[in-house]
Structures are given as C-alpha cells and as structure tokens.
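Spelled out, the chains give:
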Amino acid sequence: MAARWGICSAGKISHDFTVALKSLPEEDHQVVAVAARHLEDAQEFAEKHSIPHAYGSYEEMSADPDVDVVYIGSIHPQHLRLCLLFLNARKNVLCEKPLAMNSREVQEILACAGANRVFLMEGAWTRFFPASLEIKRLLAQGELGEVKMVRAEFGAPLLGIPRAVEKDLGGGALLDIGIYCLQFACMVYNGEKPESVQVTGGRLETGVDECMVVTLRYSRNRLAVCMCTNAVQLPNEAVISGTKGSIRVPAPMWSPTSLIVNGKETQYPVPEPYLPLNFVNSTGLRYEAEEVRQCLLKGLKESPGMSHADSLLLAELEDEARRQVGVVYNQDRQ
C-alpha cells in the first residue's frame, strides 16, 4: 500500500520533503496533491514535482479523498490551525518541528488527533536517520556504559532571514534550530524528564531569542548541555559520553551522515537528490516519511520513535527555556 501524500505549503522545506519522497519506491510513496495559500504557488510546485492536484487553499486539500497523509511544511505559528484542520478532516499528519508554539497548543493538537483516531507525528527527522538508529542501538545495548554527559550545539548566521527573527513568524533560535539539540538530549535519555532546567540566553530587539544555553540535569548527576544561536556559525556537533565510551556526531548533528564511536568513524550517506535542495542532507527526510508509512501499515496512531509524550516533553522544555530568557509569543497570551 502506497502512502498517498498531500503537501501543505509550497515553501522550501516542502520542496525538500517532496524531493526526498521521490527517492523512495513509487509503490510505497506517492505525492497526490499540494496546497498553498495562492493557487499559482501550488500550481508551480505541482508542475515542478509532477503532482496531479494543486489547491489554492488548505481547506480544499483537506476534503480530497485521495490524500491519506498530510505533510505540514508551513511556518510554526500556523501549525496549530493547520494540524486541527487536517486532523478534523480525518487525515493522518506529519507536521514539521516544532509541532506548535507552546505546550498548550501541543496538548490541543494531541487531543484532536486522539479524538479523530488518526496518526500524528512531529517531524523530528533527525531521529530516523540510520546514524540515529545506530546511536539508539548502541545505547540500548549498554555499549557506552552509563551516559553521564550529552552536549549538542546548533548555530548558524540567520539574522538576515525574517522568519528567524520576527516574532509573528515564530522567530528565535530555540524553536528553529535549538529544538534539534533538545530533542537529541531527550532521545539519548530516552524521554526521561530532567530534574532541573537552567537556561541563560539573550534576546534580539524583536523580542525573540538570539542565543541560549540550556542545561538539563537528570538524576544520578547526569547532564545535557544544549547550545543554540542564530547569530554565528558553531561547530554543530553532538557528543555522548558514558562510563565505558563515547559517540561523537560530526556536523551536521541534525542530519547526521557519520558517527565516531570510541574513535572509529562509520559513514551513513543519504541518497543524492534529483533536484537541488534548500537544506543540507534533506533527502534524509525520506526516513521520517517511511517511518510514517510503517506506522500506518501497523495501524499505529503515533510513532514509538517520536511519540506524543516525546513531543509534549519537548514543548514543555522549550516553554521553560523561553520563560527563563523572557521570550513571550502572542500564542502564550491566549
């Protein structure tokens, strides 16, 4: 059974996701529709990617009976409304990260998915890369002993990009790129809730965060340190250190194609794209797409690799980090 995808929003990440889908067997994944706010944008996207149906509104695509699962690639302030639209239309949903602007919105989305008995997953694509699956395998087998320290960083010069700095567009380093570091720590510590969260950071004049350092303390003196900035380039690596060994994830840690385990490097290349990509290693979006298909085949309503509880914990950590740095979105006041 092929997963029949509808693409919501015709922007850069939707382009990359569609290119990634085309790297998978056609009998498993088909893109049957695309929707944008302007019909001409949807039509141009459909022509570029050979998609049969183009819609000038999201509501129209939500009524398309040929669409099984929707990929939401819009900016994150729109995620709540669009998730509710498609979930209430009984469509399965893969929504780009962050799932929503805060934990209250995430809870509303999760409740809606449950009420409609459809599948929902936040697009934490990093978790489904072969390199990430190998990390999980090594941790589960105790290869590192007890993990005591996790460090992850993501920094890039994004201050000239409106969606990275404007509050109304969901700007700020944490929700855009710092989320990769937080989800990495949560993955390594297997969804455990930290005992304390300590954050320091700085805000731009627009009121969103330019930089943050988030320290998560777990029981038994285990730590995770997550660093993000949208002002400068960082090494963008991650390191897991345990009592018996270590794993280093070379850049880009959010779309990893190699691992260094106790000094020995292994490569996990992603397929070549058939069209130019907007973001690095984006054909690796195929792994989360296939995860969605596998879950649908099994009749699951959430993925064990990025569960609803995982998304809620991530949102709660983001809320607390923003609270400590003083970043308040309009969605927080509602």
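The rules we used
- Residues numbered from 1 in each chain as written.
- Predicted model: local features only at pLDDT ≥ 70, side-chain atom pairs only at ≥ 80, totals over all residues.
- Heavy atoms only, no water.
- Helix = DSSP H or I, 4+ residues; strand = E, 2+ residues; numbered from the N terminus.
- Buried < 20%, exposed > 50% of the residue type's maximum accessible area, 1.4 Å probe, protein only.
- Contact = heavy atoms within 4.5 Å.
- Areas by Shrake-Rupley, 256 points an atom, 1.4 Å probe, with all protein chains shown as cover.
- Lys, Arg positive; Asp, Glu negative; His and termini not counted.
- Charge placed at Lys NZ, Arg CZ, Asp CG, Glu CD.
- Pairing = 2+ DSSP bridges.
- 1 Å grid on protein atoms, 1.4 Å probe; cavity = no way out; pocket = protein on both sides within 12 Å on 5 of 7 lines; lining within 4 Å.
- Points joined across faces, edges and corners; volume = space filled by probe spheres on them.
- Nonpolar A, V, L, I, M, F, W, Y, C, P; charged D, E, K, R; others polar.
- Phe/Tyr/Trp six-rings, centres within 6.5 Å; stacked < 30°, edge-to-face > 60°.
- Axes fitted to C-alpha atoms, helices over the stretch in contact; angles between N-to-C directions.
- Patch = residues over 30% accessible without salt bridge, like charges linked within 9 Å, V, L, I, M, F, W, Y side chains within 5 Å.
- Salt bridge = Lys/Arg side-chain N within 4 Å of Asp/Glu carboxyl O.

*Asks:* Requested: an account of the overall build of the protein chain, with residues and values cited.
*Replies:* Looking only at helices and strands, the protein chain features 10 helices and 14 strands. Across its three principal axes, the protein chain shows a C-alpha extent of roughly 55 × 45 × 40 Å. Counting over 334 residues, the protein chain shows a buried share of 58%. Of the contacts formed within the protein chain by residues at least 6 apart in sequence, a portion of 67% connects residues at least 24 apart. As presented, the protein chain carries roughly 13700 Å² of accessible surface, and 50% of it is formed by carbon and sulfur atoms. When the 33 basic and 42 acidic side-chain charges of the protein chain are each reduced to a single mean position, those positions are 6 Å apart.

*Asks:* Give me the lowdown on the pairing of strand E11 (residues 238–242), citing residues and values where you can.
*Replies:* Here strand E7 (residues 147–155) pairs with E11 via five bridges, running antiparallel. Directly across from Arg151, in E11, lies its bridge partner Val239. Summarising the sheet, E11 and strand E12 (residues 246–249) pair through four bridges and their orientation is antiparallel. Its bridge partner being in E12, Ile240 is matched across the sheet by Ile247. Linkage of E11 to E12, two consecutive antiparallel strands, is achieved through a turn of three residues.

*Asks:* Give a detailed account of the environment of Ser9, specifying residues and quantitative values.
*Replies:* One can find Ser9 in the loop between strand E1 (3–8) and helix H1 (12–21). When its relative accessible area of 12% is taken as the criterion, Ser9 is described as buried. The spacing of Ser9 and Asp310 is 301 residues in sequence and 25 Å in space, taken between C-alpha atoms. Beyond its immediate chain neighbours, meaning those up to four positions away, Ser9 contacts Ser14, Ala35, Tyr58, Gly73 and Ser74.

*Asks:* Give me H1: which residues, what numbers.
*Replies:* Among the 10 residues in H1, nine count as buried, and that is most of the element. Every buried residue belonging to H1 is among Ile13, Ser14, His15, Asp16, Phe17, Thr18, Val19, Ala20 and Leu21, and all of these are buried. Close packing links the buried residues of H1 with E1, strand E2 (29–35), helix H2 (39–49), strand E4 (69–72), strand E5 (92–96) and helix H9 (285–297).

*Asks:* An account of the layout of surface pockets is requested, with residue identities and associated values reported.
*Replies:* Estimates place the volume of the largest pocket at around 1100 Å³. Every residue lining the largest pocket is counted, 36 residues in all, and those nearest its centre are Gly11, Lys12, Ile13, Arg163 and Phe279. Contributing elements (two or more residues each) for the lining of the largest pocket: H1, H2 and helix H8 (173–188). In terms of residue count, the dominant contributor to the lining of the largest pocket is H2 (four residues). Here the lining of the largest pocket is composed, by residue class, of 16 nonpolar, 11 polar and nine charged. Counted as a void, the second largest pocket has a volume near 330 Å³. What lines the second largest pocket is a set of 18 residues, and nearest its centre among them are Leu139, Met187, Val188, Tyr189 and Asn190. At the level of elements, helix H6 (130–140) and H8 are the ones that each hand at least two residues to the lining of the second largest pocket. Residue classes in the lining of the second largest pocket are distributed as eight nonpolar, four polar and six charged.

*Asks:* I'd like a description of the packing of aromatic side chains, backed by residues and values.
*Replies:* One pair of aromatic rings is described through two measures. These are the centre distance and the angle between the planes. This structure, assessed with the given rule, holds seven aromatic pairs. The interplanar angle of 70 degrees and the centroid separation of 5.2 Å between the aromatic rings of Trp125 and Phe129 together place this pair among those described as edge-to-face. There is no split in this pair, since Trp125 and Phe129 are both buried. Aromatic pair Phe154 and Trp254: ring centres 3.7 Å apart, planes at 5 degrees, arrangement stacked.

*Asks:* Report on the sheet that holds strand E3 (residues 53–55), specifying residues and quantitative values.
*Replies:* If you trace the six strands from one edge of the open sheet to the other, you get E3-E2-E1-E4-E5-E6, paired in parallel fashion. On the outer flanks of this sheet lie E3 and strand E6 (120–123), each paired with one strand and no other. Sheet twist, expressed as the mean angle between neighbouring strand axes with direction ignored, is 25 degrees. On top of the sheet, H9 reaches E1, E2, E4, E5 and E6; it is set at about 155 degrees to E5, its chief contact.

*Asks:* Any details on a negative patch on the surface? Residues and values, ideally.
*Replies:* On the surface, Glu40, Asp41, Glu44 and Glu47 cluster together into a negatively charged patch. If you trace the backbone, Glu47 turns up in helix H2.

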